[in-house]
Structures are given as C-alpha cells and as structure tokens.
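# An overview of the molecular structure
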Amino acid sequence: MLQRIQTIYLLIAAIFSCGLIFVFHLWTNAQDVPVYAKDDMLYLAMFFGSAALSLISIFNYKNRKFQFVLGRLNIILNFILLGLFVYVLLMAPGESEISEKGVGIFIPIFSIVFLVLANKAIKKDEDLVKSVDRLR
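It should be emphasised that the depicted structure is a prediction, and the values quoted were computed from it without experimental measurement.

Another aspect to go through is the nonpolar core. Ranked by internal contacts, the top residues of the largest apolar core, which has 15 residues, are Leu 26, Trp 27, Tyr 43, Phe 47 and Phe 85. Among the elements that line this core, the one with the most residues is helix 2 (residues 41-58), at four residues. Judged by nonpolar contacts, the second largest core, of seven residues, contains Ile 58, Ile 75, Ile 112 and Leu 115.

Given below as structure tokens:
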C-alpha cells in the first residue's frame with residue numbers, strides 16, 4: 001500500500017537527506033568558500049544512509065513493525081548528524097574555520113520532523129489493524 005501518508009512523509013525525508021544536501025551549503029569557511037556535505041565523506045555517508053533508510057522503509061510497507069523500527073533508527077541517525085553539526089559549530093573560535101553558518105545544517109531537523117510524522121502514521125495504521133483483528 002504505497003498510497004499511505006507515511007510514504008509521502010518518508011519520501012520527503014529522503015529528498016531532504018539526499019537531494020537538498022547538494023543545493024544548500026552547510027557553512028562557509030574562513031576563505032569564504034561554501035562547504036557542502038559532498039566535501040566531507042562522513043557527512044555524505046550519513047545523509048545517504050538516512051535517505052537509504054527512508055527508501056527501505058517505504059518498500060517495507062507490509063511489515064509495519066520493521067518500518068517503525070527503521071524510522072526510529074533513521075531519527076537516531078539524524079540526531080547524531082545534528083550533534084556532529086552542533087559540535088563543529090560550537091568549537092572554540094580559534095580552532096574552527098567556520099565563518100558563516102549555512103542553511104544546510106537545518107536539513108536533519110526537517111528530516112526528523114517528517115520521520116516523526118511518518119512514525120505516527122505507521123503507529124496509527126498498526127493500531128487500526130490490531131483493533132480490526134480484535135473484532136474478528
């Protein structure tokens with residue numbers, strides 16, 4: 001059942017994690033050069049991992065419990081990515097080469113919001129199926 005609302009939420013989260021990292025820069029370094037996620041392999045791998053988890057979760061629509069677990073893992077991955085961004089941004093001013101923050105550091109936040117909405121919809125579907133099974 002790919003027409004459910006959580007599919008839309010997961011697809012939007014995958015687009016945020018995979019597509020927008022090439023459009024918006026994370027920060028600008030001291031030489032006024034914008035730094036994108038593709039410039040650091042760790043950030044790129046984490047963003048692509050988040051997008052992959054979202055897409056895998058979309059195609060596991062028959063197994064709602066596993067889909068819910070994948071959503072939670074994806075949320076944790078995005079929180080780790082957000083924590084890395086906060087750590088890099090809050091370094092001592094002498095150690096950091098960041099001169100200006102970019103919009104790209106907010107991508108994990110938007111992704112987390114859509115993943116939470118998807119997990120709420122998955123939970124709602126699971127509760128509906130359980131209530132119907134109880135009536136049989």
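And the narrative resumes.
Next up on the list: the side chain of Asn 74. Position of Asn 74 among the secondary structure elements: in helix 3 (residues 64-89). Among the polar contacts listed, one links the side chain of Asn 74 to the side chain of Ser 50, at a separation of 2.7 Å. Setting aside residues no more than four positions away along its own chain, Asn 74 makes contact with Ser 50, Leu 53, Ser 54 and Leu 115.

Summed over the entire model, instances satisfying the criterion amount to three salt bridges. One salt bridge in this structure joins Asp 127 and Lys 123, with 3.5 Å as the shortest N-O distance. Of the two residues, Asp 127 and Lys 123 both sit in helix 4 (residues 107-135), four residues apart, roughly one turn of that helix.

Quick notes on the rules
Residues numbered from 1 in each chain as written. Predicted model: local features only at pLDDT ≥ 70, side-chain atom pairs only at ≥ 80, totals over all residues. Heavy atoms only, no water. Core = buried A, V, L, I, M, F, W, Y, C linked by side-chain atoms within 4.5 Å. Buried < 20%, exposed > 50% of the residue type's maximum accessible area, 1.4 Å probe, protein only. Helix = DSSP H or I, 4+ residues; strand = E, 2+ residues; numbered from the N terminus. Polar contact = N/O pair within 3.5 Å; in protein donor to acceptor, adjacent residues only side chain to side chain. Contact = heavy atoms within 4.5 Å. Salt bridge = Lys/Arg side-chain N within 4 Å of Asp/Glu carboxyl O.

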